[in-house]
Amino acid sequence: MKQCLRAALARFLFTSLLTLPPLLHADVFISEYVEGSSRNKAVEIYNAGDTTVSLSAYDLKFYFNGNTNAGRTIGLSGTLAPGAVYVVAHRWATSSLRSRADLTAGGSWYNGNDAVALLDNGAYVDVIGQIGFDPGSEWGS
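This one's a predicted model, so the numbers in the text were calculated from it and none came from an experiment.

> Which parts of the structure should I look at to understand the sheet that holds strand S2 (residues 41–47)?
By way of backbone hydrogen bonds, the strands of a sheet pair with one another, either parallel or antiparallel. Pairing in this open sheet of four strands is mixed, and the strands run S1-S2-S7-S8 from one edge to the other. Every interior strand has two partners, whereas the edge strands, strand S1 (28–35) and strand S8 (103–105), have only one. Each neighbouring strand pair of the sheet contributes to a mean axis angle of 20°, computed without reference to strand direction. Both S1 and S2 contribute to a ladder of seven bridges, which runs antiparallel. Note on S2: the bridge partner recorded for Glu 32 is Glu 44.

> Can you walk me through the pattern of salt bridges in this structure?
Side chains carrying opposite charge are able to pair once their charged atoms draw close together. Considering all chains together, one arrives at one salt bridge under this definition. Salt-bridge contacts for Lys 41 lead to Glu 35; the nearest nitrogen and oxygen are separated by 3.6 Å.

> What am I meant to see in the environment of Arg 91 here?
Here Arg 91 shows up in the loop between strand S7 (85–90) and helix H2 (95–98). Once residues lying within four places of it in the same chain are set aside, the contact partners of Arg 91 are Arg 98, Thr 104, Ala 105 and Gly 106.

> What is the right way to read the sheet that holds strand S5 (residues 72–75) from this model?
The strand order S5-S4-S9-S10 describes an open sheet built from four strands, whose pairing is antiparallel. Both outer strands of the open sheet, S5 and strand S10 (123–128), are each paired with one neighbouring strand and no more. Going across the sheet, the axis of each strand differs from the next one's by a mean of 20°, ignoring polarity. Pairing geometry for strand S9 (residues 115–120) and S10, over five bridges, is antiparallel. The residue bridging Leu 119 from the neighbouring strand is Tyr 124, located in S10.

> So what exactly am I meant to see when it comes to the side chain of Asp 114 here?
The topology assignment puts Asp 114 in the loop between S8 and S9. Of the side chains with opposite charge, Lys 41 comes closest to the buried, unpaired Asp 114, at an N-O distance of 7.6 Å. Among the polar contacts made by the side chain of Asp 114, one reaches the main-chain amide nitrogen of Asn 65 at a distance of 2.8 Å. A distance of 2.8 Å separates the side chain of Asp 114 from the backbone nitrogen of Asn 111, its partner in a polar contact. Apart from the residues within four sequence positions on either side, Asp 114 is in contact with Tyr 63, Phe 64, Asn 65, Ile 128 and Trp 139.

What counts and how
Residues numbered from 1 in each chain as written. Predicted model: local features only at pLDDT ≥ 70, side-chain atom pairs only at ≥ 80, totals over all residues. Heavy atoms only, no water. Pairing = 2+ DSSP bridges. Helix = DSSP H or I, 4+ residues; strand = E, 2+ residues; numbered from the N terminus. Axes fitted to C-alpha atoms, helices over the stretch in contact; angles between N-to-C directions. Salt bridge = Lys/Arg side-chain N within 4 Å of Asp/Glu carboxyl O. Contact = heavy atoms within 4.5 Å. Buried < 20%, exposed > 50% of the residue type's maximum accessible area, 1.4 Å probe, protein only. Lys, Arg positive; Asp, Glu negative; His and termini not counted. Polar contact = N/O pair within 3.5 Å; in protein donor to acceptor, adjacent residues only side chain to side chain.

Encoded structure:
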């Protein structure tokens, strides 16, 4: 009986693995999230891989107040070398924060209870928070 169950489980797992969509290996991910007062906000992206990555297919998406549709999308550009970071800051952040930015963008940005996602060609590679869920005033620690 045990062998029949093992064989059935092995067939199920093998068949399941064949039908799973390919998973994205995330060498590029969100390494820092800055939320200061007012518009002092920034997101740092890190390349942990061993090759330079074109960021032209990457987007940052902000999901406000538990929404499942992004309220703001920022398309990235340029390249990201191995071991390097790429910083996106709010256009009206303090000059010390903007001076570290590779890209600045205005408009609505996140607050402490909004989800932030990094996508590559529309596929999620990293998310801060939980899309579709509003935790209240903040995500907490």
